[in-house]
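Structural description and commentary
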Amino acid sequence: MKDFTFDVFILLIKKLKSAGYLFQTVRDYINQPEKKVVLLRHDIDIWAGFTRTFAKIEHDLGVRGTYYYRTIKYCYDPAVMKQVAALGHEIGYHYEDLTSADGNIELALKTFEGNVQKFRLVYPVETVCMHGRSGSPFDNRDIWKHAKLGDYGLIAEPYISLDFDRMLYLTDTSQSWNGSGVAVRDKVTSSFEMEFDTTWDILQGIDKLPDQIMFTFHPELWALSYRGWLLRKVVFTGYYAYKKHYRNLHVSPKKVPAKRSKG
Ligand SMILES: [Zn+2]
């Protein structure tokens, strides 16, 4: 069984279930948190179509997750979003308005509001989650220095609403669960000293995991078959190498916002 295939994903969910974890969407967790809980977050960066398989598999396993879609072409896809919502999952907005507005806060807040409205034509969005845009010097979360979630009828943004000293954060960036070397912003400050490379490492240590965990999945990284896995491995190894190289070339250290202590 190859890691980052759906066979492994199914195994992970089953093991978490038998370890006693309940599964909540971000919205449900904010409204009424369970004690021993897993949040399955999905950041849709490339193509909405990738989320169909995830949503179906999770539904068949009897669990729910949250799906954050970007507004770009091929991500904002009302038909797919409705299918995913019909399977019991939460839909949210994967926002990047500040980077799109080149750092102009006023413009960013305006487009953010418009985009939330656009999402609400499809689904009653209550939570949003920033897209990292590692090639940009701007941190999309900085809009929250000038506005409140409540101003837009929102109840949560995982990076700022969750306590990652209590909730273990695991993200599949670059097909490794500790890809913080690659991710610029998709990481949190946390008191947990747990590092996992492969999903097997997580499965092996499942009894030692804390009671609250958020997993972030990038659906494009997960494959149905070994052939699909191999194709992704080749494409994404090149992509992440390029990203790292691009970042070194284009983001001057001075322009990078100061490191924040939290979320
Ligand atoms: Zn993203």
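Structure first, text after, so check above.
In what follows, the accompanying structure is described. (Residues numbered from 1 in each chain as written. Predicted model: local features only at pLDDT ≥ 70, side-chain atom pairs only at ≥ 80, totals over all residues. Heavy atoms only, no water.)

1. Some words on unusual backbone geometry
- We note that Phe4 has phi near 60 degrees; this positive angle belongs to a residue other than glycine.
- Considering the arrangement of structural elements, one finds Phe4 in the segment before helix 1 (6-18).
- Positive phi, close to 75 degrees, is recorded for Tyr74, a residue that is not glycine.
- Relative to the helices and strands, Tyr74 resides in the loop between strand 3 (66-69) and helix 4 (78-86). (Helix = DSSP H or I, 4+ residues; strand = E, 2+ residues; numbered from the N terminus.)

2. Some remarks on the coordination of the zinc ion
- For the zinc ion, the full set of protein donor atoms is Asp45 (OD), His94 (NE2) and His131 (ND1), and the range of their distances to it is 2.1 Å.
- Spacing between the donor residues of the zinc ion along the chain follows D-x48-H-x36-H. Placement of Asp45 in the loop between strand 2 (37-44) and helix 3 (51-60) and of His94 in strand 4 (residues 90-95) is noted, with a sequence separation of 49 residues between them.
- Taking the relative accessible area as the measure of exposure, His94 reaches 1% and is therefore buried. (Donors = N, O, S within 2.8 Å, 3.2 Å for Na, K, Ca; no water. Buried < 20%, exposed > 50% of the residue type's maximum accessible area, 1.4 Å probe, protein only.)

3. Re the packing of helix 1 against helix 3
- Contact pair helix 1 / helix 3: the axes reach a minimum separation of 11 Å and the direction vectors enclose 35 degrees. The handedness of the crossing between helix 1 and helix 3 comes out as right-handed. Contacts from Phe6, Phe9 and Ile10 of helix 1 reach helix 3 at Thr53, Phe54, Ile57 and Glu58. (Axes fitted to C-alpha atoms, helices over the stretch in contact; angles between N-to-C directions. Left-handed = near helix turned anticlockwise from the far one by under 90°. Contact = heavy atoms within 4.5 Å.)

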